[in-house]
Amino acid sequence: MIGSVVRLRALLTKEFRHLLRDPRMRFFVIVPPLIQLMVFGYAATFDVREAQVGVVDYAHTFQSRKLLSSVTAGGHFQLQYFDDMSNAADAMNRGSIQAIVHLASEFPRQPVVQLIADGSDSNSAQIVVGQLSQIIQEYAQQANGLQQAVRLDERTWYNPNMEDREHRDGSAGCDHASYSHDGGTRTRDGHTRKTAGYAGGAPGIPDRQNDPGSLHRPV
Amino acid sequence: MKLQHVRAMIRKEWWHLMRDSRSLALILLMPLMLLFLFGYAVRLDISEAPLGVLQEALDAQSDDIIARFDASHAFHVVARFHDRQSLRASLQSGQIRAGLVVPYDYARQLQHRNATLQLLLDGVDANTARLLRNYATALVNDYTLSLSGNSAPIRVKDRSWFNEGRESRLAIVPGVIAVVMAVIGALITSLTIAREIEYGNLVMLRTTPLTRGEFLLGKLLPYILIGMADLLLAVGAAVYIFDVPLRGSLVSLTLVSFLFVLVVMLQGSLISMIAGNQMLASQISLVSTFLPAFLLSGFIFAIQNMPIALQYLTYIVPARYYVALSKLIFLKGISPLLVWTEVAALLVMALLLARVAFMRASRLGLLP
C-alpha cells in the first residue's frame, strides 16, 4: 500500500514536470481556460440589448407617434425611421435592423400594427416580437383606458431578471430586482400587486425574491 | 515559381493524404458528424415545456385557463399539485419548467374583471424562461380578449421574414457549416507542416530546388480541394437532410465558401509553422478556431447583444463574416455583393494571412 503511494507520487511528479516544462504547454494549460471562461461568460448571451427597430410610419399621426414613443420608452429598442417599406426591407436584408414596425396610413382608424422580425436569428426574433407586441398591447390598453381582466403575475425564481449572466455591478437589493432587463415586468398599468399572500418563495433563495413588492414595484 | 515544382509538391501531399486512411476518414466524416451533432443538438425552440399546475378551486373558469395553457404548443401540463410545497419542490428539481397557480377566488376575481394568475418560472435557463414568459403573456392576452368579446384595441400582426416559423434549425444550420469548416479546415492544415518538421522531412525538402512559395502552395492546394468537397457535402446535408432552403445561388455560396476555406487553411498552416509539432498545433488550432467560431461568430449568440468590447473582438474572427454571408445566401437569398464589406473583410484576411505565412515560411530553411 505504502509502496503504491510512493510510486503514484513519483508518477505524479513526473507528469507535472512533463506538463509544466514546456513553456508553450504551460501557457496552454492556464491561459485558454481563463479566456474561455471570460468569453463564454460575456459572449454567450441571449439577452437582447438595444435592438435596432426600423419604423415605417405612413400614418404620421399623433397616435402613431405616441405608440412609437412607448416603444422607445423602455430603453430596449432604438428606432430607425424609413420613408417606405422597400428601404426598410433593404436595411433588414443587410442585417442593420432586427425588426420593422409598420403603421399603415389608416392607422388609428384601422388599429393594425404590422410587426416584421428578422427570422434569420430566430431566437432574437422570438424575443423582439414578444416584447414589442407586449409593449404595443399595453399602450393600446392604456390609451383606451381599459384594464386587463386577467393579469399574469409572473415571477422567475433563481434568476429574477432572467439574465444569462448575473450582473455584479449594480447595487444589490431592491434596486437590482426592480430593474427588469427586458421590459416584461415594466409598468403593467402602474398598479401595485395585491398578491403578496401567495407569492411563495423557494427555501434557500434570497429574500428579495420572496417579496413580491420589490419585484413588481411600479415604475 | 515553377509550376512543375508546385505539381510535384501537390502530388507528394496527395499521396500522404491517400496513404493515411484514418486521417482521410476523419477529414471526410468529421464535418458530417459535427453537422449532425450541432444541427440536432442545438435547438432553441420551446415546445411543450413541462408545466405544473396548482389549481385551488375546481370551477369551470380555472379549468378553462388551464386547458388553454395545455392546448398551446409552448406548454404541456405534466403535473397537478395540491400544495405549494410540492410545486416548489418540483420546480427546484427541474421536473417542471414553469408552475401556474390559479387562486381559489379566481372565478370571483374574473367577475370583477380583475383576476390574477401566478406564473412561476425557472430562471436557471434565462432564455427559456423569457420565451415561456412571452408565450404565457400572449396567451393570457388572447384569453382576456376572448372573454370580453370585443376585439383588441390594436391588433398586432407579426411575421418573421426569412424564417416564418421562427425555427431555430433554419437559423443555426447555415452557421453550423461555418463552425465545422473553420474547425476542420484549420485542424487538418495545422498538422501538415508540423508533421514535416516533426518527422524530419523538412531536411530532405531543403535539398530540393523547392522554394517556400511553391512549398506553401503545394501544401495548401490539396487541402483546399478536400475542404471544398467537405463544404459541398455539408451544404448538401443542410439542404436535403435539415431542409434548410437555399434561396440564393449555389455559385455565390461556393465562391464565398472558397474564400473562407482559404482563410482558415492559411490560418492553419501558419499555426502549423509556429507550433512546430503536431500535438501543440492541433491544440492551438482547436482553441483558436472552435471557440471563436462557436461563440463570437453570431452563429447562436447574436453579435449585437454582446458587450461592446467583445463586439470589436469579433471583427478578427473570420467565421463572423462567413456566418453572416452563409445566412444571407441560405435564408435571405440575396447577393453577397449587397454586403460587400463582409466579402472584402474575408479577402483582406486571406491576403494578410498569405503574406504572414509566406514571411514565416522563410524560417523553414527552404529556398526563398
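The text that follows walks through the structure, step by step, so that each part is easy to find. (Residues numbered from 1 in each chain as written. Chains lettered and ligands numbered in written order. Predicted model: local features only at pLDDT ≥ 70, side-chain atom pairs only at ≥ 80, totals over all residues. Heavy atoms only, no water.)

Quick look at the nonpolar core
Judged by nonpolar contacts, the single largest core of 101 residues is most densely connected at Ile100(A), Ile177(B), Phe215(B) and Leu295(B). Looking at this core, the element that brings in the most residues is helix 7 (residues 168-199) of chain B, giving 15 residues. Not counting chain neighbours up to four residues away, the residues in contact with Ile100(A) comprise Gly54(A), Val56(A), Met85(A), Ala88(A), Ala89(A), Met92(A), Gln114(A), Leu115(A), Ile116(A) and Trp161(B). If you look at the next biggest cluster of nonpolar residues, it comprises 58 residues, including Val71(A), Val129(A), Ala140(A) and Met162(A). (Core = buried A, V, L, I, M, F, W, Y, C linked by side-chain atoms within 4.5 Å. Buried < 20%, exposed > 50% of the residue type's maximum accessible area, 1.4 Å probe, protein only. Helix = DSSP H or I, 4+ residues; strand = E, 2+ residues; numbered from the N terminus. Contact = heavy atoms within 4.5 Å.)

Notes on the packing of aromatic side chains
Working definition: an aromatic ring pair is given by the centre-to-centre distance plus the angle between the planes. Applying the stated rule across the entire model yields 13 aromatic pairs over all chains. For the pair Phe46(A) and Phe301(B), a centre-to-centre distance of 4.9 Å together with 50 degrees between the ring planes defines the contact as tilted. You can see Phe46(A) sitting in the loop between helix 2 (23-43) and strand 1 (51-57) and its partner Phe301(B) sitting in the loop between helix 11 (278-295) and helix 12 (308-313), one on each of two chains. A relative accessible area of 14% places Phe46(A) in the buried class. Given a relative accessible area of 9%, Phe301(B) falls into the buried group. Between Tyr312(B) and Tyr315(B), the ring centres sit 6.2 Å apart and the planes meet at 40 degrees, which makes this aromatic pair tilted. For Tyr315(B), a relative accessible area of 41% translates into the label partly exposed. (Phe/Tyr/Trp six-rings, centres within 6.5 Å; stacked < 30°, edge-to-face > 60°.)

Some words on the sheet that holds strand 3 (residues 99-103) of chain A
Read from one edge to the other, the open sheet built from five strands follows the order 2(A)-1(A)-3(A)-4(A)-5(B), with strand pairing classed as mixed. Pairing within the sheet leaves two strands with one partner each, and these edge strands are strand 2 (77-82) of chain A together with strand 5 (155-161) of chain B. Across this sheet, the average inter-strand angle for adjacent strands is 25 degrees, counted without regard to direction. With seven bridges joining them, strand 4 (residues 112-118) of chain A and strand 5 of chain B adopt parallel strand pairing. By the bridge assignment, Asp118(A) is partnered in strand 5 of chain B with Trp161(B). (Pairing = 2+ DSSP bridges. Axes fitted to C-alpha atoms, helices over the stretch in contact; angles between N-to-C directions.)

A closer look at the side chain of Ser297(B)
All names here are of chain B. As for its position among the elements, Ser 297 is in the loop between helix 11 and helix 12. The exposure class of Ser 297 is buried, given its relative accessible area of 2%. Within the local environment of Ser 297, its side chain forms a polar contact with the backbone oxygen of Ala 293, the two atoms lying 2.5 Å apart. A distance of 3.3 Å separates the side chain of Ser 297 from the backbone nitrogen of Phe 299, its partner in a polar contact. Setting aside anything within four residues of it in sequence, one finds Ser 297 in contact with Pro 292, Ile 303, Ala 319, Arg 320 and Val 323. (Polar contact = N/O pair within 3.5 Å; in protein donor to acceptor, adjacent residues only side chain to side chain.)

Everything listed here is a matter of geometry and, on its own, says nothing about what the molecule does.
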